[in-house]
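Architecture at a glance
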Amino acid sequence: MANHPRYAIYYTARPDSALDRFGAVLLGYDAHSGEDLSFPDGLPLDWRELTRDPRKYGFHATLKAPIALADGKAEAQLAAACELFADLARPVPVIQPVVDSISGFIAVIPGERSADLDLLAAQATRAFDSFRAPLSPEDRARRSPEALTPRQRDYLDRWGYPYVFEEFRFHMTLTGRLPAERREPIVAMLRSRFSTTGIGPIAIDAIALCRQDNANSRFRVIGRWQLRD
């Protein structure tokens, strides 16, 4: 990966909300403040390693996957586009969050699929694509296109990310990909912790612009906008 900033459009929970705190302390990183956080007691001894990959991105759900800016595009322009996008009238999705395994990792996901949420993600995929620099051969190879379905490969080549439109699954990641034998006990443990938070239905009511300064740094929220109802 080249040593230049990357940007992503994420859903992030409101800073210091119960959902934000639940995910941030489990990852050991607050993407709003950029600070490291202490893990809570009672986690597996190798928890830092199990959460190494998602800690790089912070607690979030992807709406537009990380991109390098296209030639002629600037961060200020992308931020302005985020503000305009948030001001468009659309249904604000509401989900009942649950903890479950998805593609081998553990995440907070909707208990049921939401058409409003799928619409929001599809709109974000299209709205911000003009800011995206083409994938380099190295970045494309990093997505392991040989392991993707034909439709996913088409989406990778057209949109820079294979999991868009029908392939989109809203998820707020809590762990890296786990061996099969570890998933069930960790899901049970995280569900138990989640049940104590009192978190009920949540509105996916904001978008966040996040920046990764270079390949070795973490993503951090640099702007957050409430969606117009």
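Here, the structure is the one placed above.
Keep in mind it's a predicted model, so treat the numbers as computed, not measured. (Residues numbered from 1 in each chain as written. Predicted model: local features only at pLDDT ≥ 70, side-chain atom pairs only at ≥ 80, totals over all residues. Heavy atoms only, no water.)

A closer look at the sheet that holds strand β8 (residues 172-173)
Taken in spatial order, the three strands make up an open sheet running β6-β7-β8, and their pairing is antiparallel. Lying at the two open borders of the sheet, with one neighbouring strand each, are β6 (97-102) and β8. Where strand β7 (residues 105-110) meets β8, two bridges bridge the pair, whose relative direction is antiparallel. Residue pairing for β8: Ala 107 is matched across the bridge by Thr 173. (Pairing = 2+ DSSP bridges. Helix = DSSP H or I, 4+ residues; strand = E, 2+ residues; numbered from the N terminus.)

Observations regarding the side chain of His 32
With respect to the element layout, His 32 can be found in the loop between β2 (29-30) and β3 (35-36). When residues no more than four places from it in sequence are discounted, the contact partners of His 32 are Thr 12, Ala 13, Pro 15, Asp 20, Arg 220, Val 221 and Arg 224. (Contact = heavy atoms within 4.5 Å.)

Remarks on the pattern of salt bridges
The final tally for this structure, using the stated rule, is 18 salt bridges. Taking the shortest distance from any N to any O, the salt bridge between Lys 64 and Asp 129 comes out at 2.7 Å. Taken together, the residues Lys 64 in strand β4 (residues 61-67) and Asp 129 in the loop between α5 (115-127) and α6 (137-142) connect sequence positions 65 residues apart. For Lys 64, a relative accessible area of 4% gives the class buried. (Salt bridge = Lys/Arg side-chain N within 4 Å of Asp/Glu carboxyl O. Buried < 20%, exposed > 50% of the residue type's maximum accessible area, 1.4 Å probe, protein only.)

Thoughts on the side chain of Asp 30
The topology assignment puts Asp 30 in strand β2. Side-chain polar atoms of Asp 30 contact the side chain of Arg 21, separated by 2.8 Å. Dropping the residues within four chain positions of it, Asp 30 is found in contact with Arg 21, Ala 24, Glu 35 and Leu 37. (Polar contact = N/O pair within 3.5 Å; in protein donor to acceptor, adjacent residues only side chain to side chain.)

A few points about helix α8 (residues 180-195)
With 16 residues, α8 should cover 22 Å at 1.5 Å per step; its first-to-last C-alpha distance of 23 Å lies within 8% of that length. Listed as buried for α8 are Ile 186, Val 187, Met 189, Leu 190 and Phe 194. Elements that come into contact with the buried residues of α8 comprise α1 (18-27), α2 (47-50), β6 and β7. (Expected span 1.5 Å × (residues − 1).)

Some points on the environment of Tyr 10
Relative to the assigned elements, Tyr 10 resides in strand β1 (residues 6-11). Residue Tyr 10 is classed as buried on the basis of its relative accessible area of 1%. Sequence-wise, Tyr 10 and Asp 205 are 195 residues apart; in three dimensions their C-alpha atoms are separated by 11 Å. Contact partners of Tyr 10, with chain neighbours within four places excluded, come to Tyr 57, His 60, Ala 61, Thr 62, Leu 63, Pro 66, Ala 206, Ile 207, Ala 208, Cys 210 and Phe 219.

Comments concerning the nonpolar core
Within the largest apolar cluster, 48 residues are counted, with the highest numbers of intra-cluster contacts made by Tyr 11, Leu 19, Phe 128, Phe 170, Leu 190 and Ile 207. The contact partners of Tyr 11, leaving out residues within four places of it in the chain, are Leu 19, His 60, Ala 61, Leu 63, Phe 170, Met 172, Ala 203, Ile 204, Asp 205 and Ala 206. Counting eight residues, the second largest nonpolar core, distinct from the first, contains Tyr 29, Ala 31, Phe 219 and Val 221. (Core = buried A, V, L, I, M, F, W, Y, C linked by side-chain atoms within 4.5 Å.)

Considering unusual backbone geometry
Unlike most non-glycine residues, Asp 16 shows phi in positive territory, near 70°. By the secondary structure assignment, Asp 16 is in the loop between β1 and α1. In this model, Ser 103 sits at a positive phi of 55°, which is unusual for a non-glycine residue. Assignment of secondary structure puts Ser 103 in the loop between β6 and β7.

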